Amino acid sequence: MMSTDIFDIPMELLARIEAAHNILCISHVNADGDAYGSVLGMMWMLRGLGKRACAAMPDPVLPDFSFLPGAGEIVGPDGTADDYDLIIGLDMSSADRMGDVYDAERFANIPLVVIDHHITNTHFGVVNWVEPRCAATAQMLVILNDRLGIETDAHLAECLLTGIVTDTLCFRTSNTTPEVLESAMCMQRAGAHLAEIVRRTLNRMPFSTLRLWSAVLAGAHLDQGVTWVTVSREQLGQAGHEGDDSRLSSILSSVNEADMSAIFTEKLGANGRPAVECSFRAKPGFNVGELAFQLGGGGHAPASGCTLAGSLAEVVGRIVPMLIAERRRQVETCRPAF
Ligand code: 5GP
Ligand code: MN
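Residues numbered from 1 in each chain as written. Chains lettered and ligands numbered in written order. Predicted model: local features only at pLDDT ≥ 70, side-chain atom pairs only at ≥ 80, totals over all residues. Heavy atoms only, no water.

> It is not clear to me how a nonpolar patch on the surface should be interpreted in this structure. Could you clarify?
A surface patch of nonpolar side chains, about 300 Å² in accessible area, is lined by Met205, Phe207 and Leu210. By the element assignment, Leu210 lies in helix H7 (residues 207-218). Judged by relative accessible area, Leu210 falls into the partly exposed class, the value being 43%. (Patch = residues over 30% accessible without salt bridge, like charges linked within 9 Å, V, L, I, M, F, W, Y side chains within 5 Å. Areas by Shrake-Rupley, 256 points an atom, 1.4 Å probe, with all protein chains shown as cover. Salt bridge = Lys/Arg side-chain N within 4 Å of Asp/Glu carboxyl O. Helix = DSSP H or I, 4+ residues; strand = E, 2+ residues; numbered from the N terminus. Buried < 20%, exposed > 50% of the residue type's maximum accessible area, 1.4 Å probe, protein only.)

> Please explain the sheet that holds strand S4 (residues 112-116) as it appears in this structure.
Sheet strands pair by backbone hydrogen bonding; their relative direction is either parallel or antiparallel. The strand order across the open sheet formed by five strands is S2-S1-S3-S4-S5, and the pairing between neighbours is parallel. Where the open sheet ends on each side, the last strands, each with one partner, are strand S2 (52-56) and strand S5 (127-130). Averaged over all neighbouring strand pairs, the angle between strand axes comes to 20°, with direction disregarded. Sheet topology note: the strand S3 (residues 86-90)/S4 ladder contains four bridges and is parallel. (Pairing = 2+ DSSP bridges. Axes fitted to C-alpha atoms, helices over the stretch in contact; angles between N-to-C directions.)

> It is not clear to me how the coordination of the manganese ion (ligand 2) should be interpreted in this structure. Could you clarify?
Between any two of four tetrahedral donors, the ideal angle at the metal is 109.5 degrees; between two of six octahedral donors, it is 90 or 180 degrees. In this structure, Asp34 (OD), Asp91 (OD), His117 (NE2) and Asp167 (OD) serve as the protein donors to the manganese ion (ligand 2), at separations of 2.2 to 2.3 Å. Mapping the donors of the manganese ion (ligand 2) onto the primary sequence yields the spacing D-x56-D-x25-H-x49-D. With Asp34 in helix H2 (residues 33-48) and Asp167 in helix H4 (residues 154-167), this residue pair connects regions lying 133 residues apart in the sequence. Each member of the pair, Asp34 together with Asp167, is buried. (Donors = N, O, S within 2.8 Å, 3.2 Å for Na, K, Ca; no water.)

> Honestly, the sheet that holds strand S10 (residues 298-299) in this entry has me stumped. Any pointers?
Taken in spatial order, the six strands of this open sheet run S6-S7-S8-S9-S11-S10, and their pairing is mixed. The open sheet has two edge strands with one neighbour each: strand S6 (221-223) and S10. In the sheet, S6 pairs with strand S7 (residues 226-231) via three bridges, with the strands oriented antiparallel. Bridge assignment links His221 to a residue of S7, and that residue is Trp228. In this fold helix H9 (residues 245-253) packs onto S7, strand S8 (260-268) and strand S9 (274-282), with an angle of close to 150° to the strand it touches most, S8. Across the sheet, helix H11 (residues 312-333) touches S6, S7, S8, S9 and strand S11 (303-309), and the angle it forms with S8 is around 160°. (Contact = heavy atoms within 4.5 Å.)

> Whenever I open this one, the pairing of S7 confuses me. Can you help?
Each regular strand shows side chains that alternate between the opposite faces of the sheet. Counting buried residues along S7, five of its six residues qualify, which places the element largely inside the surrounding structure. Here S6 folds back onto S7, and the loop between the two strands holds two residues, one of which, Gln224, carries a positive phi near 50°. As paired elements, S7 and S8 share six bridges and run parallel to each other. Each bridged residue has a counterpart across the sheet, and for Val226 the counterpart in S8 is Met260.

> Help me out: how do you make sense of the site of ligand 1 in this one?
In the vicinity of ligand 1 there are 15 residues, among which Ser93, His118, Ser279, Arg281 and Ser304 approach most closely. A distance of 3.0 Å separates an oxygen atom of ligand 1 from a polar atom in the side chain of Arg281. Contact distances for ligand 1 include 3.3 Å between a nitrogen atom and a backbone N or O atom of Gly298. Contact with the protein chains removes 87% of the 490 Å² of surface that ligand 1 exposes when unbound. Those elements giving two or more residues to the shell around ligand 1 turn out to be S9, S10 and S11. Partitioned by chemical class, the residues of the shell around ligand 1 number two nonpolar, eleven polar and two charged. Residue contributions to the shell around ligand 1 reach at least three from each of two domains, namely domain 1 (11-201) and domain 2 (210-333). (Near = heavy atom within 4 Å. Polar contact = N/O pair within 3.5 Å; in protein donor to acceptor, adjacent residues only side chain to side chain. Nonpolar A, V, L, I, M, F, W, Y, C, P; charged D, E, K, R; others polar. Domains from an automatic or database assignment.)

Have a look at this one:
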């Protein structure tokens, strides 16, 4: 038994899971390790309960995560059926994060429940278990699994430990509580390979990523406690892939002179219009979650993001002054913890 009694799971969530037979698990666009780990972990957990379960993601599976048990079974928007009796949305703070994989018309009569750890969650399900004290949605699933009394098999453990390891940058983020470590320990005991997960998700990259980062970091800016870089479509095209900006975010957020950092990545938005994906980080004691939420995105106090319409120059020109003003306001009104 784990010491997780501080976390309340809504009774209605447990009841709906128990009553369902054929469940679709969905996670988010621009997926990270917690998205993969929690959507596959949920799938394995439901199968452990003897139910039919399918995992769906809006984008194709990234090669970095193809090692996860069940990754080959993840379907895209074209692979879903319409006879589910429950949909579980995982690791998403708002409905738009489900992208095309959630077909609002087809799924109109299927209840959607939400399991998420983002403080900015908009409670878009019929039941919402939102627990910002958890460092990863995968940690919430360890607790759920324990509460359901399911035996943790090695598949499930591998998926859930991956979510915890990636969202905590291997237990380095400020939300790495004793409960996080306890959940991770339970998964390792159940057969998850910690060193292998770290190697596969955090400690390896293609040479093209190194070249991309070197080009991007050569143009790094620092102004009034805010550091930022831009990633153009041309740079992404030269690298030949999307890049992994969560590790690049870690590099930026370790800059001594900055309390906040941002990566602005140029994208082609809906109907071919220019858009920019913004990824924000804040040092302990600072908060970028609220700003991202105001801009239509979401996240946590130390890590957040949003996607904005406009060219790279327009978005950077608009958002950097907001970050600088926000940092100054927080320096003046709050006393940072560190
Ligand atoms: P990252 O910078 O690693 O992509 O994202 C950091 C955090 O912000 C993650 O928890 C992610 O879920 C959240 N986030 C990033 N982009 C968006 C967005 O466009 N919308 C919402 N709601 N959350 C986002
Ligand atoms: Mn997460």
